[in-house]
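Secondary and tertiary structure notes
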Amino acid sequence: MELWNSTLGSDFILVGILNDSRSPELLCVTLSALYILALTSNGLLLPVTAMDAWLQVPVYLLLSQLSFMDLAFASVVTPKTLVDHLLGENAISFGDCAFQMLVDLTLGGAEDLLLAFMAYDRYVAIYHPLNCMVLMRPKICWLIMATSWILAVLNAVIHTSYTMHFPFCMSQETKHLLCENSPLLKLACVDTSRCELMVYMTGVTFLIPTFTAILASYTFVPVATLHMSSGEGRQKALIMVSSHLTVVGMYYGTAMFMYIQPSLYHGPQQDNILSLFYTIITPVLNPLIYSLRNKEVMEAFRRVLGRLTSVQRL
């Protein structure tokens with residue numbers, strides 16, 4: 001069988017979810033609406049957290065990083081998917097495919113670690129409120145964010161270079177939304193078992209400990225609410241935990257299916273739906289759950305909007 005991937009001029013064909021859908025126009029409109037919502041909500045949070053002095057505290061530094069990651073996550077896949085559908089083109093060059101995989105793995109790994117650090121921040125705020133500004137001071141927050149990015153970039157570079165070095169068959173069509181390890185490894189004409197094992201081991205190393213840490217952190221919150229004298233405060237805390245765990249469960253659940261479940265059990269339709277969850281659905285839900293329901297964030301929105309309105313009047 002003829003092999004190819006020696007030149008960057010070779011293309012992959014991404015036959016994504018829009019091509020297999022029975023109502024591609026409706027799905028296209030839905031994806032467009034979700035992308036605009038993700039773009040707007042995350043895009044507004046970034047300047048507000050940067051411009052408002054009251055939000056210059058650790059928890060909002062972490063939330064601004066989450067908004068940036070979600071904004072990039074949604075933008076690396078969705079616009080190309082929509083444009084390709086409208087133009088009737090599904091090709092992606094070898095170099096662009098490698099870049100898309102690199103960015104996707106970097107953002108996924110960084111967000112995975114950041115969510116765990118955010119859960120730790122909530123634990124500190126509830127159980128050690130007097131020491132919160134010491135345990136989660138700005139220097140530590142910046143160290144946390146830098147650690148997330150560095151580990152994620154290293155992981156992404158290793159996996160991308162290893163996956164893309166394989167010789168691929170002439171049948172370069174993959175029924176997937178974007179360039180990811182598992183779908184591309186199925187196109188390889190050589191044994192990829194070592195690479196698949198590495199993907200599995202990395203998935204276990206990245207996802208299981210962080211997800212366990214998040215569950216442990218949020219488990220302490222209901223325990224702490226038992227000592228609250230205010231019924232309203234107890235209810236708010238429980239609602240916060242349930243909403244956070246819902247979004248976190250969606251994100252980690254889909255990631256575990258993609259990167260821990262053996263490739264033998266991966267199906268194109270299943271993988272496309274799972275990819276939609278962490279590339280567009282969670283970027284829409286995260287700002288709604290973590291930030292836009294927060295009174296301090298909404299008050300900061302009004303303060304920034306008021307200052308901008310005052311400047312325009314002048």
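Just so it is clear, the structure is predicted and the values come from calculations on it, not from any experiment.

Here is what the cut-offs are and how they apply
- Residues numbered from 1 in each chain as written.
- Predicted model: local features only at pLDDT ≥ 70, side-chain atom pairs only at ≥ 80, totals over all residues.
- Heavy atoms only, no water.
- pLDDT = per-residue confidence, 0-100.
- Helix = DSSP H or I, 4+ residues; strand = E, 2+ residues; numbered from the N terminus.
- Phe/Tyr/Trp six-rings, centres within 6.5 Å; stacked < 30°, edge-to-face > 60°.
- Buried < 20%, exposed > 50% of the residue type's maximum accessible area, 1.4 Å probe, protein only.
- 1 Å grid on protein atoms, 1.4 Å probe; cavity = no way out; pocket = protein on both sides within 12 Å on 5 of 7 lines; lining within 4 Å.
- Points joined across faces, edges and corners; volume = space filled by probe spheres on them.
- Nonpolar A, V, L, I, M, F, W, Y, C, P; charged D, E, K, R; others polar.
- Disulfide = S-S within 2.5 Å.
- Pairing = 2+ DSSP bridges.
- Salt bridge = Lys/Arg side-chain N within 4 Å of Asp/Glu carboxyl O.
- UniProt positions renumbered as here; feature names shortened; annotations may be inferred.
- Contact = heavy atoms within 4.5 Å.
- Expected span 1.5 Å × (residues − 1).

Once that is clear, we can look at the confidence of the model for the protein. In this model, the protein carries a mean pLDDT of 82, and residues with pLDDT of at least 70 account for 89%. Here strand β1 (residues 3–4) stands out as the element of the protein with the lowest mean pLDDT, 48, in contrast to helix α6 (residues 138–164), whose mean of 90 is the highest.

With that settled, the discussion passes to the packing of aromatic side chains. Following the criterion strictly, the structure yields seven aromatic pairs and no others. Look at Tyr251 and Tyr252: their rings are 5.6 Å apart centre to centre, the planes differ by 85°, and that puts the pair in the edge-to-face class. For the pair formed by Tyr251 and Tyr252, the shared burial category is buried. Each member of the aromatic cluster is reached from another via a ring pair, and the members are Phe12, Phe94 and Phe168.

To continue, consider empty space enclosed by the protein. If you walk through the whole model with that rule in mind, you get four cavities of 30 Å³ or more. Looking at the largest cavity, its volume works out to about 270 Å³. Around the largest cavity, the lining is made up of 18 residues, and of these Leu105, Gly108, Gly109, Leu207 and Tyr259 lie nearest the centre. Breaking the lining of the largest cavity down by element, the ones donating at least two residues are α4 (94–127), α6, α8 (193–225) and α9 (231–259). Residues that form the lining of the largest cavity fall into these classes: nine nonpolar, seven polar and two charged. Of the pockets and cavities examined, the second largest cavity occupies roughly 40 Å³. What lines the second largest cavity is simply Leu31, Val77, Thr78, Thr81, Leu177, Leu276, Thr279 and Ile280. The set of elements that each furnish at least two residues to the lining of the second largest cavity consists of α3 (58–87) and α10 (268–291).

What follows deals with the state of the cysteines. Evaluated as defined, the whole model comprises one disulfide. There is a disulfide in this structure between Cys97 and Cys179, and the S-S distance comes to 2.0 Å. The sign of the S-S torsion, about -120°, decides the handedness of the disulfide formed by Cys97 and Cys179: left-handed. Separated by 82 residues along the polypeptide, Cys97 in helix α4 and Cys179 in the loop between β5 (173–174) and α7 (181–185) bring together distant segments of the chain. Neither Cys97 nor Cys179 differs from the other in exposure class; each is buried.

Taken in spatial order, the three strands of this open sheet run β3-β2-β5, and their pairing is mixed. The open sheet has two edge strands, β3 (91–93) and β5, and neither has a second partner. Sheet analysis places strand β2 (residues 11–14) next to β5, joined by two bridges and oriented parallel. If you follow Ile13 over to β5, its bridge partner there is Glu173.

Tallied over the entire structure, the rule returns one salt bridge. In this structure, Asp84 and Lys80 form a salt bridge, with 2.9 Å as the shortest nitrogen-oxygen distance. Of this pair, Asp84 and Lys80 both sit in helix α3, separated by four residues, roughly a single helical turn. Owing to a relative accessible area of 26%, Lys80 belongs among the partly exposed residues under this scheme.

Mapped onto the fold, Met201 is located in helix α8. Between the alpha carbons of Met201 and Ile260 there is a distance of 7.8 Å; along the sequence they are 59 residues apart.

Another point: the UniProt feature "transmembrane region" (unreviewed entry) in the protein. Mapped onto this structure's residue numbering, the UniProt feature "transmembrane region" (unreviewed entry) falls at residues 24–45, 57–78, 98–120, 140–158, 206–226, 238–260 and 272–292. With 95% helix and 0% strand, residues 57–78 has its two end C-alpha atoms placed 32 Å apart. From the first C-alpha to the last, residues 238–260 spans 30 Å; its make-up is 96% helix and 0% strand.

With that settled, consider the side chain of Asp84. Residue classification places Asp84 among the buried positions, given a relative accessible area of 13%. Each residue touching Asp84, except ones within four places of it in the same chain, is listed here: Glu89, Asn90 and Ala91.

Now for helix α2 (residues 24–51). With 28 residues, α2 should reach 40 Å at 1.5 Å per residue; the first-to-last C-alpha distance of 40 Å fits that figure. Restricting attention to buried positions, one finds in α2 the residues Pro24, Cys28, Leu31, Tyr35, Ala38, Ser41, Asn42, Leu45, Val48 and Thr49.

Let us look at the environment of Leu177. Topologically, Leu177 is positioned in the loop between β5 and α7. When residues no more than four places from it in sequence are discounted, the contact partners of Leu177 are Leu14, Gly16, Ile17, Val77, Thr81, Asn272, Ser275, Leu276 and Thr279.

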